[in-house]
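# Geometric and topological summary
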Amino acid sequence: MSFKESWQQQRHQRQQEIMQRQQVVQQELAIARQERQIKAAQLHADLSLFREKIIAENHARRAESQKFQVELQRSCEQLKTEVQSLLSVARDRRQAQAQELAQQLDTFVLQIQQETAQCLSIATAERMLMAQQLKKDLSTFVEALRTDTQSFLWEMGIGHQERARQVQQELAQNRTIRKIEAAELRSKLRRFCADLRKEVWGGEPFTSAHSVTVSNSEARSNAADNACASAPSIAALKSIGAFQYGDAVAVIPAKSTQPLSKEGIAYEKEVYNFIHQAQGARLTQIESSLSINRFQAVDALRALIKKGLITQRDRIYLTQEQISHA
């Protein structure tokens, strides 16, 4: 049996089952409808009886409320008379208590004034004595502070001079070390350029049509000014295909740089996925996590920025989705 025939057979079975279920549901709905009609008739009868009962109870409550209102009016009149009598008695009592409290308050105020005057006189005398003592203590403290400050400044001056000497010595040592490192880097760069020239051009002489010469004095001055910049310069020469020939620096034509650009752009997907998962990352994090060099990471980030997939904020690279959520 083919798949189509089995499917048609199953479809026919499903249609029959649906029809049977519809018949069963219709029967159950008819039974439920009859039951609801019977319950509705019963509820209507019960509701009519309940309505008659409520009407009778309302009549009884109205009669009781009328009686209660009459009794309430009588009790209100009695309460009014009693309250008026109580208020008159309380008013007389409050007046008598107010007079007594006024007399007590006058005597208390006079007593407080006398005690306050005595306390103020004692406090002024004590403050004068304390002020004289504080002046003496302050003068002694100022003299001691002046002597301590002068000794501290003298010690600080000696320490600054000693530190300045040490810093000058360290700067001289670092300057000599940087000169030595720069000389070593220049020698390494010359050897690398010679090897690269042999690999690219073989035994043929170097032609000026495929190179751009730069004076050797500028390269030496840049290497001496900043030794740390020499390592990126070597990597940059590797990335663009440049080498040194004699006293000049040559740049290989654009054809030789195409494979390197493709290799750098190949990390776009990995860089984008890492930034998306990390919700923002720095350049050093991308290099260490993906195990790629600085130029591959920079090429991939530059390509993603040109495509509008990521942006840079405070040296942190973010995707457009993360910026929209932020």
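Just so it is clear, the structure is predicted and the values come from calculations on it, not from any experiment.

Procedures and definitions
Residues numbered from 1 in each chain as written. Predicted model: local features only at pLDDT ≥ 70, side-chain atom pairs only at ≥ 80, totals over all residues. Heavy atoms only, no water. Helix = DSSP H or I, 4+ residues; strand = E, 2+ residues; numbered from the N terminus. Buried < 20%, exposed > 50% of the residue type's maximum accessible area, 1.4 Å probe, protein only. Contact = heavy atoms within 4.5 Å. Areas by Shrake-Rupley, 256 points an atom, 1.4 Å probe, with all protein chains shown as cover. Core = buried A, V, L, I, M, F, W, Y, C linked by side-chain atoms within 4.5 Å. Axes fitted to C-alpha atoms, helices over the stretch in contact; angles between N-to-C directions. Left-handed = near helix turned anticlockwise from the far one by under 90°. Nonpolar A, V, L, I, M, F, W, Y, C, P; charged D, E, K, R; others polar. Expected span 1.5 Å × (residues − 1). Arc of directions from axis to C-beta. pLDDT = per-residue confidence, 0-100. Pairing = 2+ DSSP bridges. Salt bridge = Lys/Arg side-chain N within 4 Å of Asp/Glu carboxyl O. Patch = residues over 30% accessible without salt bridge, like charges linked within 9 Å, V, L, I, M, F, W, Y side chains within 5 Å.

## Re the overall build of the chain
Looking only at helices and strands, the chain features 8 helices and 4 strands. Across the chain, helices and strands are ordered from the amino to the carboxyl terminus as α-α-α-β-β-α-α-α-α-β-β-α. In the chain, which comprises 326 residues, the proportion classed as buried is 14%. Within the chain, contacts between residues at least 6 apart in sequence are counted, and of these 61% link residues at least 24 apart. Total accessible area on the chain stands at roughly 26,600 Å², and carbon and sulfur atoms take up 57% of it.

## Comments concerning the nonpolar core
With 13 residues, the main nonpolar core has Val271, Ile275, Ile286, Leu301, Ile310 and Tyr317 as its most contacted residues. Counting residues per element, this core draws most heavily on helix H7 (residues 294-307), at 4 residues. Beyond its immediate chain neighbours, meaning those up to four positions away, isoleucine 275 contacts Gly280, Ile286, Leu301, Ile310, Tyr317, Leu318, Thr319 and Gln322.

## A short note on the packing of helix H5 (residues 268-278) against helix H6 (residues 283-290)
Each pair of packed helices can be summarised by the angle the axes make with each other and by the distance between the axes. Following both chains from N to C, one finds H5 and H6 inclined at 115°, their axes separated by 11 Å at the closest point. Crossing handedness for the pair H5 and H6: right-handed. On H6, the residues touching Glu270, Val271, Phe274 and Ile275 of H5 are Gln285, Ile286, Ser289 and Leu290. Residues that form the contact of H5 with H6 fall into these classes: 5 nonpolar, 2 polar and 1 charged.

## Points about H7
With 14 residues, H7 should cover 20 Å at 1.5 Å per step; its first-to-last C-alpha distance of 20 Å lies within 8% of that length. For H7, the set of buried residues is Gln296, Ala297, Ala300, Leu301, Ala303 and Leu304. Angularly, the buried residues of H7 cover 160° about the axis, an arc narrow enough to put them on a single face. At the C-terminal side of H7, glycine 308 shows a positive phi close to 80°.

## A few points about the confidence of the model for the chain
Atom-level detail of predicted coordinates should not be read off regions where pLDDT is low. The pLDDT averaged across the chain works out to 78; a share of 79% of its residues lies at or above 70. Model confidence for the chain, summarised as mean pLDDT per element, is weakest for helix H3 (residues 230-240) at 36 and strongest for H5 at 90.

## What to know about the pairing of strand E3 (residues 310-313)
Sheet topology note: the E3/strand E4 (residues 316-319) ladder contains 4 bridges and is antiparallel. Each bridged residue has a counterpart across the sheet, and for isoleucine 310 the counterpart in E4 is threonine 319. Between the antiparallel neighbours E3 and E4 lie 2 residues, among them aspartate 314 with a positive phi of about 55°.

## As for the pattern of salt bridges
Using the criterion set out here, one finds 4 salt bridges in the structure. Of the charged contacts in the structure, one is a salt bridge between lysine 307 and glutamate 268, with a shortest N-O distance of 2.8 Å. Taken together, the positions of lysine 307 in helix H7 and glutamate 268 in helix H5 put the pair 39 residues apart, joining distant regions of the chain.

## Quick notes on a nonpolar patch on the surface
Taken together, the side chains of Leu105, Phe108, Val109 and Ile112 present a nonpolar region at the surface, about 350 Å² in accessible area. Position of valine 109 relative to the elements: it lies in helix H1 (residues 3-201). Given a relative accessible area of 35%, valine 109 falls into the partly exposed group.

## Describing H6
All of the buried residues in H6 are Leu283, Ile286 and Glu287. For H6, the buried positions fall inside an angular range of 95° around the axis, keeping them on one side. Contacts from the buried residues of H6 go to H5, H7 and E4. Downstream of H6 by a residue or two, serine 291 has a phi angle that is positive, lying close to 60°.

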